Amino acid sequence: MTGVQPCALPILTASFFADLEKAADGQSAYNTLVAVAAYDRRAARIGGSSREAIEPGQIDAMGVAARAAMERHSQTIERVGDRLVVSTPLAADEAAPPTGAVTTVWNTSAADAAIRAETITKAAQAVVGSLLLMLVVMITLDRCLVAPVKRLQTHARTIARARDARALEDDGLTARRDEIGELARAFDAMIRDIAEGQARLAAQARELQGRNAQLDTALANMSQGLCMYRSEEHTSE
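Quick summary incoming for the structure in this document. Values in this document were obtained by computation on a predicted structure and should not be read as measured data.

A word on the overall build of the protein chain. Summing up its helical and strand segments, the protein chain has five helices and six strands in all. Counting helices and strands in the order they occur from the N terminus, the protein chain gives β-α-β-β-α-β-β-β-α-α-α. Once local pairs closer than 6 in sequence are excluded, the contacts in the protein chain between residues at least 24 apart make up 55%. With the model as given, the accessible surface of the protein chain reaches about 16,100 Å², and the carbon-plus-sulfur share is 58%.

Along its 17 residues, helix 2 (residues 56–72) runs 24 Å from first to last C-alpha, staying within 8% of the 24 Å computed at 1.5 Å per residue. Those residues of helix 2 lying buried are Q58, A61, M62, G63, A65, A66, A68, A69 and M70. For helix 2, the elements touching its buried residues are strand 2 (32–40), strand 3 (45–50), strand 4 (76–80), strand 5 (83–91) and strand 6 (100–107). A positive phi of about 60 degrees marks H73, the residue just after helix 2.

A separate point is the side chain of T103. Secondary-structure assignment places T103 in strand 6. Separated by 2.9 Å, the side chains of T103 and S87 make a polar contact. With residues up to four places along the chain from it excluded, the contact list for T103 reads A35, V36, A37, Y39, M62, A65, A66, V85, V86 and S87.

Per the stated rule, a full pass over the model turns up three salt bridges. Between E118 and K122 there is a salt bridge, and its shortest N-O distance comes to 3.3 Å. Here E118 pairs with K122, and both are found in helix 3 (residues 109–162), just four residues apart, close to one helical turn. Of the residues examined, E118 reaches a relative accessible area of 43% and is grouped as partly exposed. Here E207 makes a salt bridge to R211, at a shortest N to O gap of 2.8 Å. With a gap of four residues between them, E207 and R211 both fall in helix 5 (residues 179–236), about one helical turn apart. Among the residues examined, E207 registers a relative accessible area of 43% and is labelled partly exposed.

Here F187 shows up in helix 5. Taking the C-alpha atoms as reference points, F187 and A156, 31 residues apart in sequence, are found 9.1 Å from one another.

It is worth spelling out the nonpolar core at this point. Ranked by internal contacts, the top residues of the largest apolar core, which has 14 residues, are V34, A35, Y39, M62, V85 and V105. Those elements that place two or more of their residues in this core are strand 2, helix 2 and strand 6. Here the element with the most residues in this core is helix 2; it accounts for five residues. In this structure V105 touches T32, L33, V34, A35, M62, R83, L84 and V85, once residues within four positions along its chain are discounted.

Parameters and conventions
- Residues numbered from 1 in each chain as written.
- Predicted model: local features only at pLDDT ≥ 70, side-chain atom pairs only at ≥ 80, totals over all residues.
- Heavy atoms only, no water.
- Helix = DSSP H or I, 4+ residues; strand = E, 2+ residues; numbered from the N terminus.
- Contact = heavy atoms within 4.5 Å.
- Areas by Shrake-Rupley, 256 points an atom, 1.4 Å probe, with all protein chains shown as cover.
- Expected span 1.5 Å × (residues − 1).
- Buried < 20%, exposed > 50% of the residue type's maximum accessible area, 1.4 Å probe, protein only.
- Polar contact = N/O pair within 3.5 Å; in protein donor to acceptor, adjacent residues only side chain to side chain.
- Salt bridge = Lys/Arg side-chain N within 4 Å of Asp/Glu carboxyl O.
- Core = buried A, V, L, I, M, F, W, Y, C linked by side-chain atoms within 4.5 Å.

Here's what the structure looks like:
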């Protein structure tokens, strides 16, 4: 409840405080009513009840809260340690000056613990969610980027070791429409150019070998002819 409550100063009987405590118990599953006190218009305590020992500082805080509520004509809420001090001014009607105030003290340790537990749970969920997201991103990057690049690297090393330029027969790479696919197609084209160059060199080498063989044959025939010519010349002498 907020603002000025239109009622006269309550009759301070044991049943009044018992009824107030009973009503307060149903307000929250975590906050526990510790004490309640009534104050007159001069903020003098005129009655109260408590379920446990109240520290002097909290008693003073209850009186200060009652005075502040009557001065402001509105409910005040102040935290004192793990206690919440709530004071509500009372008056015959909203236009009339307050005739007193009722101040309650609540133990919020259970609520604070619940909030901390909820905060820790949400933080843990956020951390787990972030880790799962990172794992998904890493797996995606591995499948989409790292693994294709490794296949290209493996094929390049195979060509370097075997000295055999074979085309990259991997439709999964060359069919891609991204940068990896462009790289794979360029790599495949380069390998085909190298293979064609190697084939031309091999053909030229075979042609040179054939010509060398013909030259060797011609030289051998010339040597034979020279020997025969010299032999005939020697005989004629």
